[in-house]
Structures are given as C-alpha cells and as structure tokens.
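Reading the structure
Here is what each chain is made of, one letter per residue.
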Amino acid sequence: MSQSPRRAPWVVPTLLVLLIGLPILEVWLLIRVGQAIGGLNVLAILIVEALFGGWLMRREGSRAWQALLEAVRRNPDNAWEDRPGNLRHGKQR
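Note that the coordinates shown come from a computational prediction; the quantities given were computed from them, not determined experimentally.

This next bit is on helix α1 (residues 11-37). Spacing of three or four residues puts side chains on the same side of an α-helix, whose turn is 3.6 residues. With 27 residues, α1 should reach 39 Å at 1.5 Å per residue; the first-to-last C-alpha distance of 38 Å fits that figure. In α1, a bend of some 25 degrees at Gly 21 exceeds every other bend along the element, and Pro 23, a proline, comes one to four places later. Downstream of α1 by one or two residues, Gly 38 has phi in the positive range, about 105 degrees.

Shown next as structure tokens:
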C-alpha cells in the first residue's frame, strides 16, 4: 500500500483559524463601518455589491461556456480529453 502524502503540521490549524476568524472579522468590520457611515448605507453597499457579483458571475460563466462550445465545435474528437475530472464526450476508447 502506498502512503498518503503528509501535510505540514501547521496546515489544519491555520485553515481552522481562517475559517473561523475571517467571518468574525468580516462581521466586526461591517459593524464598525456601519457605525461610521450608517447601517442603511452599509446595507445599500452590500446589495449593490451582491448585484454586481451576480452579474459578473453570469457574464464570465457565459463566456466560459461559449469558449467550451466553440472548442467542441472546432475539434469534437479532442475537445474532451480523457483526464480525471474531465467529462467524456462522444466516442469511448
């Protein structure tokens, strides 16, 4: 049996600190900014930011999908390479 690769001993604790600490920092920062400029202003900024993020994800996702379709159209045999994580399309080998 092969051994699984060993992680550095600091990786898991660091990830845990980040996963717990960053959301707490974000909430604290939102509260501080809300105290400085007002809660409604912060809410408006968050709504605009969410709308912009949704628009951007839709636009870039559409571009990536169109690029994939173009690659399949240009060369259907090689567009889907047989690698782990890739979809298989068409002929089975």
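Moving on, we get to the pattern of salt bridges. By the definition in use, this model includes 4 salt bridges. The closest approach of N and O atoms between Glu 60 and Arg 63, which form a salt bridge, is 3.6 Å. Remark: Arg 63 and Glu 60 occur in helix α2 (residues 39-74); sequence separation between them is 3 residues, near one turn of the helix. Overall, Glu 60 belongs to the partly exposed group, its relative accessible area being 33%. A salt bridge links Glu 70 to Arg 74, with the shortest nitrogen-to-oxygen separation between them at 3.5 Å. Residue Glu 70 and its partner Arg 74 are both found in helix α2; the two are separated by 4 residues, about one turn of the helix. When its relative accessible area of 30% is taken as the criterion, Glu 70 is described as partly exposed. On the accessibility criterion, Arg 74 (58% relative accessible area) is exposed. Where salt bridges share partners, they join Arg 59, Glu 60 and Arg 63 into one cluster.

Applying the stated criterion across every chain yields a total of 1 aromatic pair. Taking 5.7 Å as the distance between ring centres and 35 degrees as the angle between the ring planes, the aromatic pair formed by Phe 52 and Trp 55 counts as tilted. A residue pair is termed a helical-turn pair when its members lie 3 or 4 positions apart in one helix, as Phe 52 and Trp 55 do in helix α2 at 3 residues. Residue Phe 52 is classed as partly exposed on the basis of its relative accessible area, which comes to 48%. Looking at Trp 55, the relative accessible area reads 46%, which means it is partly exposed.

Rules behind the numbers
- Residues numbered from 1 in each chain as written.
- Predicted model: local features only at pLDDT ≥ 70, side-chain atom pairs only at ≥ 80, totals over all residues.
- Heavy atoms only, no water.
- Helix = DSSP H or I, 4+ residues; strand = E, 2+ residues; numbered from the N terminus.
- Expected span 1.5 Å × (residues − 1).
- Bend = angle between axes of the 7 residues up to and from the residue.
- Salt bridge = Lys/Arg side-chain N within 4 Å of Asp/Glu carboxyl O.
- Buried < 20%, exposed > 50% of the residue type's maximum accessible area, 1.4 Å probe, protein only.
- Phe/Tyr/Trp six-rings, centres within 6.5 Å; stacked < 30°, edge-to-face > 60°.

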